[in-house]
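Per-entry structural report
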Amino acid sequence: MTTLRQRRVGKGTETAEDQPSEENVKPDEKNLSENTGGKLWNILSITVGGIVAIFLGLLTSVYVATLHENDLWFSNIKEVEREISFRTECGLYYSYYKQMIQATSIQQGLHGLVYDNKTESVRTINILERMNVYQEVFLSILYRILPIQQYLEPVYFYIYTLFGLQAVYVIALYVTSWLLSGTWLSGLLAACWYITNRIDTTRVEFTIPLRENWALPFFAVQIAAITYLLRTHLQPLQERVTLMAVFIATFLFSLTWQFNQFMMLIQALALFILDCFDMLPTTKVTQLYIIQISGLLLVCILQFFNSMILGSLLISFNASVLIARTIQKNLKTGSLLNRLGKLILHGLLVLCLTLLINKFIKKILNLESDEHIFKFLKAKFGFGATRDFDANLYLCEEAFGLLPLNTFSRLSDTLLFYVYVFVLFFMTVAAVIVAFWNLRTSYNSSYFLCLISGSKQVQLMAKMEECTVTLRPDAAYNLLHTVLFGCLALSTMRMKYLWTSHMCVFASFGLCSTEVWKPVLKGVHLYTSQRMHVIKYSVPIITLLYIAYKFWPGIMDELSELREFYDPDTVELMNWIKSNTPNTAVFAGSMQLLAGVKLCTGRTLTNHPHYEDKNLRERTKQIYQIYAKRSPEDVYRILRSFGTDFVILEDSICYERRHSRGCRLRDLLDIANGHIMDGLGENEPDLKPSLYPRFCEEVKKNLPSYTIHFTRVFQNKTFHVYRLAKHK
């Protein structure tokens with residue numbers, strides 16, 4: 001429990017730190033000299049810290065670029081091999097950059113994206129509405145107008161931009177930690193942890209065009225700006241500039257990643273919880289709600305009023321919070337039980353309003369684009385089994401499973417996880433005590449805990465009793481941010497990169513922070529101001545020396561290891577398609593492979609990996625019947641309904657062994673079709689044997705019932721391409 005006590009005068013260094021006696025008051029001349037010296041020291045510290053931040057950011061960019069080059073020998077391989085290295089959806093996104101570069105004019109390139117009929121056959125779609133590819137558009141225009149074409153290939157301009165954003169990412173993490181702790185030593189430690197834990201903090205070097213690699217640097221900038229915004233006693237101009245920085249970072253984050261709304265929903269939930277417990281200034285929380293909504297709506301306009309954005313839970317939640325505030329007033333007054341009752345009622349009201357508004361919007365817009373996400377979440381968290389093909393497709397992917405335990409052993413090798421848990425424990429205890437104390441006191445009470453709400457009543461706070469537990473608003477926000485995103489990462493491995501990078505920030509802040517060391521030393525009765533300062537600087541330095549000693553040789557070995565891209569079967573397939581099929585040919589196959597077909601050959605596709613569209617999901621399920629137990633007539637009819645000229649079959653899917661029984665693609669199709677799965681094992685009692693053998697296996701036997709519809713025109717060890725007959 002938080003306790004209050006009178007300040008003791010005349011005892012040791014603690015008293016001197018808190019309230020100097022008359023004997024210690026310096027003459028005006030000496031005060032002026034000390035102030036001047038302090039300002040010069042601050043300027044020097046900020047300059048050195050800024051230089052270190054920029055150096056570490058650039059170093060990270062060079063590091064990941066070197067790893068990418070060493071892994072693929074990117075500078076030496078052919079253009080088709082470079083493009084194939086952009087696997088799955090990465091290749092699809094890069095294809096639009098290539099399309100804009102190759103267009104005769106910027107206007108023609110934009111027209112081709114707005115009226116695209118090659119990404120989905122027999123359909124014309126607006127790529128700018130459907131996908132988050134404005135970054136490719138901007139980059140292609142920049143490449144065309146800058147005088148760099150003779151010196152830099154388009155692909156290098158693209159990948160160097162992404163590697164350059166890593167510098168922004170690291171600098172933002174560095175600055176956030178610096179702002180929280182008050183020393184750039186904390187930022188240095190955060191950046192070093194980010195680099196040495198690269199396997200778990202980023203995957204940019206092998207998934208370069210992935211949307212998260214564009215978005216996460218801007219998200220980190222936004223967090224840094226929010227951290228600064230939540231500081232106490234900001235000048236009006238500082239606050240306005242910071243709000244603008246938050247808005248720009250939020251807008252860019254939203255523009256570059258289709259999952260932005262879910263990340264910002266978690267962020268909004270953190271703001272809501274902290275506001276309920278008086279741990280953040282309500283005015284600033286309201287400003288952040290409005291910034292989130294306005295940033296998302298601006299993106300909605302740029303994406304031609306994308307209905308998935310309008311129907312997002314984030315907009316419904318933020319609107320519900322603002323409405324609930326007007327309905328329920330005086331939430332922050334009354335006794336402990338009174339306030340608890342009000343908060344519970346407030347939370348239920350916000351929840352009901354959110355669901356009601358969201359349901360209403362989706363009903364009006366007839367929105368079903370994101371239903372697969374909720375089906376996946378329902379099945380993942382045990383709210384009933386599902387035979388839904390799309391939900392099971394996600395459930396069976398390792399990236400959408402639980403965070404593997406070996407992640408924590410890797411993070412522990414650098415001491416990051418140990419420090420993180422240590423800091424998290426003390427900060428959580430402090431937050432619980434602060435929240436409890438806030439609920440006990442009325443909103444206008446003069447016995448408000450110091451530094452919790454950022455109150456500007458400086459004179460009143462100077463006369464208050466000394467608090468044994470304090471928590472600044474910026475620290476409180478980052479605490480709940482890391483907790484909520486930690487829960488997300490634990491439940492879904494793909495989202496760990498949102499957590500581990502912030503883990504570096506939070507752990508380094510705690511190791512260099514008085515908020516952690518002061519209560520620890522007081523708890524063991526060893527606290528003095530000098531001792532605390534020695535520990536909060538010496539422990540991070542020792543940690544940095546340990547990291548350098550243990551991981552520097554490994555990093556040097558990693559940078560000296562040379563590999564080369566090698567995928568001859570896919571290269572052979574792409575070269576054959578370009579040489580032996582018309583430009584207007586329509587190809588069907590797996591969505592991962594077809595993204596590469598579009599990038600390398602420019603041919604028209606039946607389906608692709610950008611899965612946030614109901615019609616595309618239904619189309620993909622139909623196309624995938626080539627791996628199910630269906631008759632050749634059924635498969636032919638389905639493929640021709642989408643205008644297919646050629647179908648590509650992959651042995652790695654037809655005879656898949658990567659997943660266990662029940663999670664192979666052919667198993668998911670069998671379950672969705674009501675058929676018994678292949679191999680030994682149990683089946684659901686209502687599943688029945690299929691009347692037909694598996695298409696992808698049987699078509700290779702060249703039986704008359706198959707050859708009348710399908711003619712094999714290409715094959716190698718991995719792929720089989722069949723041309724569809726054009727019956728009248």
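A brief report on the enclosed structure follows. All of these numbers come straight from a predicted model, not from anything done at the bench. (Residues numbered from 1 in each chain as written. Predicted model: local features only at pLDDT ≥ 70, side-chain atom pairs only at ≥ 80, totals over all residues. Heavy atoms only, no water.)

1. Focus: the overall build of the protein
For clarity, the threshold we go by: Put simply, DSSP H or I for four residues or longer makes a helix, DSSP E for two residues or longer makes a strand, and each gets a number counted from the N terminus. C-alpha atoms define the radius of gyration in this analysis, and the globule rule sets the expected value at 2.2 Å times the number of residues to the power 0.38. Relative accessibility decides the category of a residue: with a 1.4 Å probe and only protein chains considered, values under 20% of the type maximum give buried, values over 50% give exposed, and everything between is partly exposed. The contact rule is simple, with two residues in contact once any of their heavy atoms fall within 4.5 Å.
Scanning the protein for helices and strands turns up 34 helices and seven strands. In terms of overall size, the protein behaves like a compact globule, its C-alpha atoms giving a radius of gyration of 29 Å where 728 residues would be expected to give roughly 27 Å. Along the longest, intermediate and shortest principal axes, the C-alpha atoms of the protein span 105 × 60 × 55 Å. Counting over 728 residues, the protein shows a buried share of 54%. Restricting the contact set of the protein to residue pairs at least 6 apart, pairs at least 24 apart contribute 70%.

2. Re the state of the cysteines
Note the cut-off: Count a disulfide wherever a pair of cysteine sulfur atoms falls within 2.5 Å.
Tallying each qualifying case throughout the model produces two disulfides. With its sulfur 2.1 Å from that of its partner, Cys 396 forms a disulfide with Cys 663. Taking the sign of the torsion about the S-S bond as the criterion, the disulfide between Cys 396 and Cys 663, at about -75°, is left-handed. Of this pair, Cys 396 sits in the loop between helix 19 (389-395) and helix 20 (406-413) while Cys 663 is found in the loop between helix 31 (651-654) and helix 32 (665-673), placing the two residues 267 residues apart along the sequence. By relative accessible area, which is 12% here, Cys 396 ends up buried. A relative accessible area of 22% places Cys 663 in the partly exposed class. Residue Cys 654 pairs covalently with Cys 696 via a disulfide, S to S 2.0 Å. Given an S-S torsion of about 80°, the disulfide between Cys 654 and Cys 696 has right-handed geometry. Within this pair, whereas Cys 654 is found in helix 31, its partner Cys 696 is found in helix 33 (residues 695-698), the two being separated by 42 residues in sequence.

3. Comments concerning the pattern of salt bridges
Where we set the bar: What makes a salt bridge here is a side-chain nitrogen of Lys or Arg within 4 Å of a carboxyl oxygen of Asp or Glu, nothing more.
The final tally for this structure, using the stated rule, is 35 salt bridges. Between Asp 71 and Arg 563 there is a salt bridge, and its shortest N-O distance comes to 2.9 Å. One end of the pair, Asp 71, is in helix 2 (residues 28-72); the other, Arg 563, is in the loop between helix 26 (529-560) and helix 27 (568-580), with 492 residues separating them in the sequence. Between Asp 567 and Arg 87 there is a salt bridge whose closest N-O contact spans 3.1 Å. Highlighted residues: Asp 567 in the loop between helix 26 and helix 27 and Arg 87 in the loop between helix 3 (79-84) and helix 4 (88-102), separated in sequence by 480 residues. Asp 567 sits in the buried class, given a relative accessible area of 15%.

4. A short note on a nonpolar patch on the surface
The condition is simple: Each patch groups residues whose relative accessible area exceeds 30% and which form no salt bridge, using 9 Å between like charges and 5 Å between nonpolar side chains of Val, Leu, Ile, Met, Phe, Trp and Tyr. The accessible surface values rely on the Shrake-Rupley method and a 1.4 Å probe; as for residues, cover is taken only from the protein chains in view.
On the surface, a cluster of nonpolar side chains totalling about 350 Å² of accessible area is made up of Leu 298, Ile 301, Leu 302 and Phe 305. For Phe 305, the location among the structural elements is in the loop between helix 14 (282-302) and helix 15 (307-310). In this structure Phe 305 comes out as exposed when scored by relative accessible area, which is 56%.

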